[in-house]
Amino acid sequence: MMKTRRLMMVACALAMGSVLGCSTSSGEDVDSVALRADAQLPARSGTVLIDGCVIDTWQRATLAGPGAKRVLQEVILLCLVPRLDGTIGPRDPSARQHLAAVVADLKQDGYRVHFGVAFTDESGQRYDGAQTRSFLADPRWRTQFKDTLLPALAPADGVELDLQGLPDDARQSVTAFVTEISQAVRPGKRLGVFVPPSVSLPSDLPGGEAFARAQLGTQVDRMRIMTLDFSDLGPGPTIDPGWAVDAVRLARGDAPAVDIAYPLYGTDFGPRGRRSVTYYEAQAVASIARVPIERGPTTAPFFRYIAFGGEPHEMWFDDADSTGRALAAWNHEVLPPDVGVLFYGLGAEDPSLFERLGARMP
Amino acid sequence: MRDATILHFCGRIAIVGPTIEVRSGHDLGSARDYLFAVPIAVAIVCCPTSARADIDFQVSATAGVSWLRSMPSLKNPSTTTAARVVPEGKIPFGTSFTGVGAMFDMGISTDDRWTIPLLGFGGYGAVGSYDGLVTSADGSIARLRPWSTYEIDILLPGLGYRMKRRRFMFSATLRTGFAYVATGGSIAGGESYVPITATATTAIFQAEVEACRRLDPLTRVCLHVAPRIYEFGFLNGATFGLRVEWGR
């Protein structure tokens, strides 16, 4: 009997232990099988955007590397700008010559090269939405744009239109403008358009209704859904991978060929607003401020620091780990294989990014 | 069917089950038989018996370990985060699970050879130190907390064979059932996250093997091992532990 009671006591103790819980957190995080750093990434077409006409040595070295060549097939130089009369710049012969040389150089490495058109003034500031709308509504401006675009595109494989901040009532003008450009450049060159990342109908974004995706989808070869700057009101990650999925799914309902955008830059949030930062800048600030870098809920790194004048700042950015996790989370059940990835802002990324992503490409 | 009698057993009052004999159909239909059959059936279900007959009732309590080689993908509920509504779906898990807990079981044996386990309930909580698991839910980043995992087993009838050698008994049984596992976690939405409980349910098909030593005429202590032939996959787990059994 005593033996039985002892056994019962042991059994009860084990049962109580299981109920009360005798397990603990190690304090570390590991990735699930699909998200592991050595797991294969879902195959997708890759495009990278360079903000400018000039490729610096860092960017050139990255693009020449085997990792980038495995991940990327297309380079967009966000370089062309329309003047007030619709003329596309740069028009200087030396600038055109330089651009042609850059394109030839990239093509030698196997990349397709597109020129992006940014609607900025001569100082580099974006036209406000009302002004861009007035441009697009003017048939003479559109004709001048079209006529000067074609020679500027000569060395490139295609063109991308980066229209931002438009009011909703610019919808007809945007559709007419893209249709005219499409008729002018296709099929000899490819045409793409950058579209706001709406996640609902009607659009949840200011100006989101300016883009009639269903009509635009028939006029362009690819629609780039700009799933960037998720945290535009307060500190937070530059992208939320789940939100980006919703934006792309909505767009795919109207146009089958879409890209999801992934930021290579980070964002510094302060009392005077926000600004874009590079990976190295983020690392340097954290090091100088002697603050630890944490990971947010999406696994994007971030830290808080006190900047000049005692201003509190918060910096969020991405590294190879957080980018790799997001790309792995976008498996083919979540986003079909024909959805491409547009990496935005070459030069601001974690320097190991493309080598690590390239090693995981199928 | 002889009447049930009440005896003192192990220092307490217990209803001792009757010897059950097979009778012809018209006898079983009588009101008198039903009058006796009901309390007898209750007695059989509730208590261990010292019946001298071909059918004996068995109950057991097991303290032990449940191990799953690979946790299945868990079902997440539809969740509203700061960024989106994450639909109900599957969250990949993939790591192993080890839990400690207890199982209570009842069954019958016939002819002192055949065993028919009837119904069992088991509960196991995670034991050990676990890393947090970063995974995904419909494209959103999710986290699971493996240290919060628990498993509930409901074991259904099966069939087994046992043999006795002096004080020792050996048995092997095939058995069916269901298992339910649940794990706490969260789904990210921008700079915040929403807690969730992710769950999975599966059918079980297991083999039970045990070696027992008799402590007294009605009590045995056993080493119990039950490889799960199917549990979220083939040969994906096992339970094992120390079992105390009551019954002949």
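Scope of this entry: the structure provided in the associated data block. Residue positions are counted from 1 within each chain, in the order its sequence is given. Chains carry letters and ligands carry numbers; both start at the beginning, A for chains and 1 for ligands, and go up in the order they are written. Local features in this predicted model are restricted to residues whose pLDDT is 70 or higher, and side-chain atom pairs enter the listing and the counts only when it is 80 or higher, whereas totals over whole chains, interfaces and linings include all residues.

1. Observations regarding the interface of chain A and chain B
Put simply, an interface is often sized by how much accessible area is lost when its parts join up. We apply this condition: Any residue pair is listed as a contact if its two C-beta atoms, each placed from the backbone, are within 7 Å. Put simply, DSSP H or I for four residues or longer makes a helix, DSSP E for two residues or longer makes a strand, and each gets a number counted from the N terminus. Amino acids outside the nonpolar list (Ala, Val, Leu, Ile, Met, Phe, Trp, Tyr, Cys, Pro) and the charged list (Asp, Glu, Lys, Arg) are all regarded as polar, and Gly is one of them.
Across the boundary between the two partners, chain A contributes 45 residues, which contact 43 residues of chain B. Those elements that provide at least two residues to the side of chain A that touches chain B are α1 (2-20), β1 (22-31), α9 (241-252) and α11 (320-329) of chain A. In terms of residue count, the dominant contributor to the side of chain A that touches chain B is α1(A) (11 residues). Grouping the constituent residues of the side of chain A that touches chain B by class yields 23 nonpolar, 15 polar and 7 charged.

2. Here's the deal with the environment of A:Pro351
Residue and element names in this part refer to chain A. Quick reminder of the rule: Field definition: a residue is buried when 20 or more other C-beta atoms are found within 10 Å of its C-beta, exposed when 12 or fewer are, and partly exposed for counts in between, with C-beta atoms placed from the backbone.
With respect to the secondary-structure elements, Pro351 resides in the loop between β15 (340-344) and α12 (353-359). On the neighbour-count criterion, Pro351 (15 C-beta atoms within 10 Å) is partly exposed. In sequence terms Pro351 and Leu153 are 198 residues apart; their C-alpha atoms lie 31 Å from each other.

3. Some thoughts on the sheet that holds strand β10 (residues 266-270) of chain A
Residues and elements named next belong to chain A. Defined as follows: Strands qualify as paired when DSSP identifies two bridges or more between them. For helices, the axis comes from a line fit to the C-alpha atoms of the stretch in contact; other axes are also lines fit to C-alpha atoms, and the angle between any two N-to-C directions lies between 0 and 180 degrees.
Overall, antiparallel pairing links the 5 strands, which are arranged β11-β10-β14-β13-β12 in an open sheet. Unpaired on one side and paired on the other, β11 (273-277) and β12 (294-295) mark the two borders of the sheet. Pairing between β10 and strand β14 (residues 312-316): 3 bridges, direction antiparallel. Counted as the bridge partner of Thr267 is Trp316 from β14. In the packing of helix α10 (residues 279-289) onto the sheet, the strands contacted are β10, β11, β13 (301-306) and β14, and the crossing angle to β13 comes to about 45°.

4. Quick look at the pairing of strand β7 (residues 190-195) of chain A
Side-chain direction in a regular strand flips from residue to residue, so the side chains alternate between the two faces of the sheet. Residues and elements named next belong to chain A. As a reminder, the rule being used: Crossovers are described as right-handed under a simple rule: with the strands pointing away from the observer, the path leading from the first strand over the helix to the second runs clockwise.
Burial runs high along β7: 5 of the 6 residues are buried. Taken together, the 4 bridges between strand β6 (residues 158-162) and β7 define a ladder with parallel strand orientation. Note on β7: the bridge partner recorded for Glu160 is Gly192. Sheet topology note: the β7/strand β8 (residues 222-225) ladder contains 4 bridges and is parallel. The partner of Gly192 across the bridge, within β8, is Arg222. Handedness of the β7-helix α8 (residues 213-219)-β8 crossover: right-handed.

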